[in-house]
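Fold and contact review
The lines below spell out each chain.
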Amino acid sequence: MRRGYLMISALALGVAVSGAANAGPTISTNVVPGVNFSAYKTYTWVAPVSSVANPVMYQRIQADFDAALAGLGYQKGDPGDLSMIITTGAQQRTDVQSWGRFGLQTNVYQYTQGQLSLDVFDTKTQQALWHGQASQTVNPDKPNLKAIDAAIAKLMLHFPPTAAPAPSTPPR
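Note that the structure is a prediction, hence the values are computed from the model and not measured. (Residues numbered from 1 in each chain as written. Predicted model: local features only at pLDDT ≥ 70, side-chain atom pairs only at ≥ 80, totals over all residues. Heavy atoms only, no water.)

**Things to note about helix 3 (residues 145–156)**
In this model, helix 3 (12 residues) spans 17 Å end to end at C-alpha, consistent with the 16 Å of a helix rising 1.5 Å per residue. Listing the buried residues of helix 3 in full gives Ala-147, Ile-148, Ala-151, Ile-152, Leu-155 and Met-156. The buried residues of helix 3 occupy one face: seen down the axis, they fall within an arc of 165°. Of the residues that open helix 3, the one with a side-chain oxygen 3.2 Å from the backbone nitrogen of Lys-146 is Asn-144. (Helix = DSSP H or I, 4+ residues; strand = E, 2+ residues; numbered from the N terminus. Expected span 1.5 Å × (residues − 1). Buried < 20%, exposed > 50% of the residue type's maximum accessible area, 1.4 Å probe, protein only. Arc of directions from axis to C-beta. Polar contact = N/O pair within 3.5 Å; in protein donor to acceptor, adjacent residues only side chain to side chain.)

**What about the sheet that holds strand 3 (residues 75–76)?**
Sheet architecture is open: six strands sit in the order 1-6-5-4-2-3, paired in mixed fashion. Each of the sheet's edge strands pairs with one partner strand only, and the pair in question is strand 1 (26–31) and strand 3. Inspection of the sheet shows strand 5 (residues 105–122) paired to strand 6 (residues 128–138) by 10 bridges, in the antiparallel sense. The partner of Asp-119 across the bridge, within strand 6, is His-131. (Pairing = 2+ DSSP bridges.)

**A closer look at the nonpolar core**
Counting 23 residues, the largest nonpolar core has Phe-65, Met-84, Leu-118 and Phe-159 as its most contacted members. Contributions of two or more residues to this core are made by strand 2 (42–45), helix 2 (55–71), strand 4 (82–99), strand 5, strand 6 and helix 3. Considering every element that reaches this core, the biggest residue donor is helix 2, with five residues. Beyond its immediate stretch of four places on either side in the chain, Phe-159 contacts Leu-69, Leu-72, Tyr-74, Met-84, Leu-118, Val-120 and Trp-130. (Core = buried A, V, L, I, M, F, W, Y, C linked by side-chain atoms within 4.5 Å. Contact = heavy atoms within 4.5 Å.)

Here's what the structure looks like:
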């Protein structure tokens, strides 16, 4: 009986952990209340504060953001109405789960938590307007390009669109 209980517990724990790993990135955003994003039409990239470990990956991420921003009605400008900064990072995490009678059974999971952030500032006032962050378990030795693309797409679902210019009507 006890062995059956342990097998069912282990199976349930395995399903819960694998489901969490496949759930996709965790997204969080924060916007300054009352900001009228329809007043902004263009953007420019600000160089990252620290050196980028993989400049090719950074360019790919920036291109993904460029495509998403174009889809929302923004255009690159120099200088742009908005200044944008991309930040990436990874952190070693450890989860400890106790289970069983009196919590005497313990499982320890170690993994790397990757994070991708986009910070948006008003270029003229230098005031922060929007912050978005995607976090997900990653393999630091082998970046998953599809997961990065999906994280950017999911993050940009929360980015405020600009007001699209009214289509001009041809004279009659």
